[in-house]
Amino acid sequence: MGRITTRRPILKLTLGEGATRRADTLAVEEPLEIRVAGSPLAVTMRTPGHDVELAAGFLVSEGIIAQAEDFHSAIHCGGPGTGGQENTYNVLDISLAHGVALPDPEAARRFYMTSSCGVCGKASIDAVRTVSRHPVSVDDVQVGAEQIASFPDRLRAEQAAFDKTGGLHAAALFDADSGELLVLREDVGRHNAVDKVVGWALLNDRLSLRRQILQVSGRASFELVQKAAMAGIPLLSAVSAPSSLAAELAEEAGVTLIGFVRGRSMNIYSHAHRVRLDGLAPSAHAEEGARHAR
């Protein structure tokens, strides 16, 4: 856990007051190479910690595995070639269960992913419309709007590393029936935080994530909707805006996508039937606006 943050000397300037030298706390960002059966699959920039969850969640989002029995083990190893090099804990080799197909070497994503994007480098959007083995369209869960509105503050209250650095995204999984916060993960990459949450669920044999809500601290991008759909999560709630492609995929995949969840308001972009209005009927003005938006 000590590698999540680091201290660095800085010069702090305050207009009208001058400059002071001090130490600042930064979020750690290091590369993680994910290998499967010894073969490199992908490199992502991440905050160290929960690496096995990150790799497991990534494999779920890529459609390589879908349940706990598909995953055998993981081990941190040395650098390229592992020929006696010091273990920096930045290379993770995954072993899949017997009979689980290995990733196609031709399809392996052997490219650099930045910490802000999980699907950059894909040849086309069609290539990432992976068919989920955990369909969400059949999930009839409903969640009260009051409960959804409470999630961002509950997420923020648990962001210990963000309090120190101000530089980490967070993702959390809430149970729709009890409202319990099941797991929260932080990372410099929003897609990594989600992969860690999904990986936690896989390693604890909780997939599919029916009747669960994924709350994220930033915007809702295409890759986050994709990851939710691949894990069987029926609702994705974000503090900030979704992209147009995220909304299109959510509609297509059956995911309820909610954005701008701030205070007492939120925007529902797809499959609004899962959000209960807690006894408050929509106004005639809202109904008229919904008809014009179609």
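This write-up is about the structure you can find in this document. Keep in mind that this is a model prediction, so the values were computed, not measured.

Strands sit in the order β10-β9-β11-β12-β13-β14 across an open sheet of 6 strands; the sheet is mixed. Edge positions in the open sheet fall to β10 (181-187) and β14 (265-270), since each of these has one partner strand only. This sheet shows a mean twist of 20° between the axes of neighbouring strands, independent of strand direction. With 6 bridges joining them, strand β9 (residues 169-175) and β10 adopt antiparallel strand pairing.

A word on the pattern of salt bridges. Once their charged atoms are close, side chains differing in charge can pair, the charge on each being opposite to the other. For the structure shown, the criterion picks out 10 salt bridges. Close ionic contact of Arg-46 with Asp-51 constitutes a salt bridge, the shortest N to O distance being 2.7 Å. As a salt-bridge pair, Arg-211 and Asp-140 come within 3.5 Å of each other at their nearest N and O atoms. With Arg-211 in the loop between α4 (190-203) and β11 (212-216) and Asp-140 in the loop between β7 (112-113) and β8 (143-144), this residue pair connects regions lying 71 residues apart in the sequence. When salt bridges that share partners are traced, they join Asp-140, Asp-177 and Arg-211 into one network.

The rolling of a water-molecule-sized probe over the atoms marks out the regions of remaining empty space. All chains considered together, the criterion is met by 2 cavities of 30 Å³ or more. Estimated volume of the second largest cavity: approximately 30 Å³. Every residue along the wall of the second largest cavity is listed here: His-169, Ala-170, Ala-171, Arg-190, Val-194, Val-216, Ser-217 and Gly-218. Listing elements by their share of the lining of the second largest cavity, those giving two or more residues are β9 and α4.

Bringing the nonpolar core into the picture now. In terms of nonpolar packing, the biggest core is built from 51 residues, with Leu-59, Ile-65, Ile-94, Leu-214 and Leu-236 touching the most fellow members. If one sorts the elements of this core by residue count, α4 sits on top with 7 residues. Leaving out residues up to four positions away in the same chain, Leu-236 has contacts with Leu-214, Val-216, Ala-220, Leu-224, Val-225, Val-255, Thr-256, Leu-257 and Ile-258.

Here is what the cut-offs are and how they apply
- Residues numbered from 1 in each chain as written.
- Predicted model: local features only at pLDDT ≥ 70, side-chain atom pairs only at ≥ 80, totals over all residues.
- Heavy atoms only, no water.
- Pairing = 2+ DSSP bridges.
- Helix = DSSP H or I, 4+ residues; strand = E, 2+ residues; numbered from the N terminus.
- Axes fitted to C-alpha atoms, helices over the stretch in contact; angles between N-to-C directions.
- Salt bridge = Lys/Arg side-chain N within 4 Å of Asp/Glu carboxyl O.
- 1 Å grid on protein atoms, 1.4 Å probe; cavity = no way out; pocket = protein on both sides within 12 Å on 5 of 7 lines; lining within 4 Å.
- Points joined across faces, edges and corners; volume = space filled by probe spheres on them.
- Core = buried A, V, L, I, M, F, W, Y, C linked by side-chain atoms within 4.5 Å.
- Buried < 20%, exposed > 50% of the residue type's maximum accessible area, 1.4 Å probe, protein only.
- Contact = heavy atoms within 4.5 Å.

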